[in-house]
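So the chains spell out like this:
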Amino acid sequence: MSARDDAADVVLVQLAGLVADGGLKLVDLTHTLSPDFPTIVMPPEFGQSAPFRMERISCYDGDGPAWYWNNISFGEHTGTHFDAPIHWYTGKDLPLNTVDTLPTRDMIAPANVIDCSRQSAADADFLLGVEDILAWEREHGLIAPRSWVLLRTDWSKKTGRDYANLLDDGAHTPGPDADVIRWLVTERDIIGFGTETIGTDAGQAGHFSPPYPAHHFLHGAGRYGLQCLANLDQLPPKGAVVIAAPLKIRHGSGSPLRVLALIAA
Ligand code: MN
């Protein structure tokens, strides 16, 4: 056994010990999947994503006297969910671009949490820009390559209509501008971008250039999206490690998933 193997063994034992004794805390970044959790609403000329549905098979009754279980169905992009590169046309020809083929190594990565909750409370159409990231980096240091950038807006605390905030002219929710997403991919080599809102893009991003820039640039570069995250207010600006393993759906473009963050207690 090499010294490197020994070191890895020690780290694993320490990791298990710290999780067991509370030295490491697990923060659940996931909303509960239920039929009433808002789904994205597309313009009427496009296809629509189905909400989560649950249908009882049996509950200790004639259909199954000793067991309880359900059939479930949902759109791939329902609830707290993961976007794979194939979700957008810019990523459609990339290798390993579906949830069943993406590298498992990418399912664990550090997170940088950019707190824009104040700006988002003042303006539902708040847009994160490069200047906001540079200001964050002056305080917390550079965003490391292959780490997540998570946009904290406290939007996950809203419920019902306020969450989707769908008005006559479309959704009004905060998100990144086009420049910052391109910049985070090219200048910081991020692994992905996560939000508390229904999309990685702002509610009005269909009018941006290019339309839906987060989807356009992230997936075109083989990077990922996380949406409908919760509890970002429990994470430090830097230092959390995110575990995000989507369901292994053959040729899937995304999936609901349990997103966990490990932080020092
Ligand atoms: Mn999605």
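Before reading on, note that the structure itself is shown above.
Residues numbered from 1 in each chain as written. Predicted model: local features only at pLDDT ≥ 70, side-chain atom pairs only at ≥ 80, totals over all residues. Heavy atoms only, no water.

K.L.:
Would you explain the overall build of the protein in this entry?
P.N.:
From N to C terminus, the protein includes six helices and 15 strands. Relative to the globule expectation of 18 Å for 265 residues, the C-alpha radius of gyration of the protein, 19 Å, shows essentially globular dimensions. C-alpha extents for the protein along the principal axes are approximately 60 × 50 × 40 Å. The buried share of the protein, taken over its 265 residues, is 45%. When contacts within the protein are restricted to residue pairs at least 6 apart in sequence, long-range pairs at least 24 apart make up 74% of them. Total accessible area computed for the protein in this model is approximately 13600 Å², and 57% of it derives from carbon and sulfur atoms. (Helix = DSSP H or I, 4+ residues; strand = E, 2+ residues; numbered from the N terminus. Rg over C-alpha atoms; globule rule 2.2 N^0.38 Å. Buried < 20%, exposed > 50% of the residue type's maximum accessible area, 1.4 Å probe, protein only. Contact = heavy atoms within 4.5 Å. Areas by Shrake-Rupley, 256 points an atom, 1.4 Å probe, with all protein chains shown as cover.)

K.L.:
Even after reading the chapter, I still don't get the coordination of the manganese ion, so can you show me in this structure?
P.N.:
For a metal bound by four donors in a tetrahedral arrangement, the ideal donor-metal-donor angle is 109.5 degrees, while six donors in an octahedral arrangement ideally sit at 90 or 180 degrees. The manganese ion binds to the protein through His-77 (ND1), His-81 (NE2), Asp-83 (OD) and Gln-227 (OE1), with metal-donor distances spanning 2.2 to 2.4 Å. Mapped onto the sequence, the residues coordinating the manganese ion show the spacing H-x3-H-x1-D-x143-Q. In this pair, His-77 is assigned in the loop between β3 (64-73) and β4 (81-83) and Gln-227 in strand β12 (residues 224-227), connecting sequence segments 150 residues apart. Its relative accessible area of 2% is what places Gln-227 among the buried residues. (Donors = N, O, S within 2.8 Å, 3.2 Å for Na, K, Ca; no water.)

K.L.:
Whenever I open this one, the side chain of Thr-195 confuses me. Can you help?
P.N.:
Relative to the assigned elements, Thr-195 resides in strand β11 (residues 192-195). Take Thr-195: its relative accessible area is 1%, and that puts it in the buried class. The contacts of Thr-195, once residues within four sequence positions are left out, are Leu-151, Thr-200, Leu-226, Gln-227, Cys-228 and Leu-229.

K.L.:
Would you take a moment to explain the packing of aromatic side chains for this structure?
P.N.:
Where two aromatic rings form a pair, the distance of their centres and the angle of their planes describe that pair. Applying the stated criterion across every chain, the model contains six aromatic pairs. One Lys or Arg, Lys-158, reaches over the ring of Trp-155 and ends 4.4 Å from the middle of that ring. (Phe/Tyr/Trp six-rings, centres within 6.5 Å; stacked < 30°, edge-to-face > 60°. Lys NZ or Arg CZ within 6 Å of the ring centre and 35° of its normal.)

K.L.:
How should the pairing of strand β7 (residues 148-152) be read in this particular structure?
P.N.:
Regular strands place side chains that alternate from one sheet face to the opposite one. With respect to burial, β7 is a largely interior element, five of its five residues being buried. Where burial is concerned, the two faces of β7 agree: the one with Trp-148, Leu-150 and Arg-152 and the one with Val-149 and Leu-151 are both buried. The pairing of strand β5 (residues 108-115) with β7 spans five bridges and is parallel. Counterpart to Val-113 in the pairing with β7 is Leu-150. Where β7 lies against β11, four bridges are found, and the strand directions are parallel. (Pairing = 2+ DSSP bridges.)

K.L.:
In this structure, what is going on with the sheet that holds strand β14 (residues 254-256)? I would like to understand it.
P.N.:
Two orientations exist for strands paired in a sheet by backbone hydrogen bonds: parallel and antiparallel. With mixed pairing, nine strands are arranged side by side in an open sheet as β1-β15-β13-β5-β7-β11-β12-β4-β14. Lying at the two open borders of the sheet, with one neighbouring strand each, are β1 (24-28) and β14. For this sheet, the mean angle separating the axes of adjacent strands, direction not counted, is 25°. In terms of strand pairing, β4 meets β12 through three bridges, oriented antiparallel. When the sheet's bridge partners are listed, Asp-83 is paired in β12 with Gly-225. Helix α1 (residues 3-21) rests against β1 and β15 (259-264) of the sheet, and its axis sits at about 70° to β1. The sheet contacts of helix α6 (residues 213-220) involve β4, β11 and β12, and relative to β12 the element is tilted by about 140°. (Axes fitted to C-alpha atoms, helices over the stretch in contact; angles between N-to-C directions.)

K.L.:
Sorry, what's going on with the state of the cysteines here?
P.N.:
Note on terminology: disulfide describes a covalent bond linking the sulfur atoms of two cysteines. In this structure the tally under the stated criterion is zero disulfides. Here Cys-228 stays unpaired: no disulfide links it, and the sulfur of Cys-116, its closest cysteine neighbor, is 18 Å away. For Cys-228, a relative accessible area of 2% translates into the label buried. (Disulfide = S-S within 2.5 Å.)

K.L.:
Can you help me understand α6 in this one?
P.N.:
Owing to its 3.6 residues per turn, the α-helix aligns residues three or four sequence positions apart on the same side. Counting buried residues along α6, seven of its eight residues qualify, which places the element largely inside the surrounding structure. Residues of α6 that are buried include every one of Pro-213, Ala-214, His-215, His-216, Phe-217, Leu-218 and His-219, and no others. Contacts from the buried residues of α6 go to β4, β10 (175-176), α5 (178-188), β11 and β12. Once α6 finishes, Gly-222 follows within two positions and takes phi at roughly 75°, a positive value.

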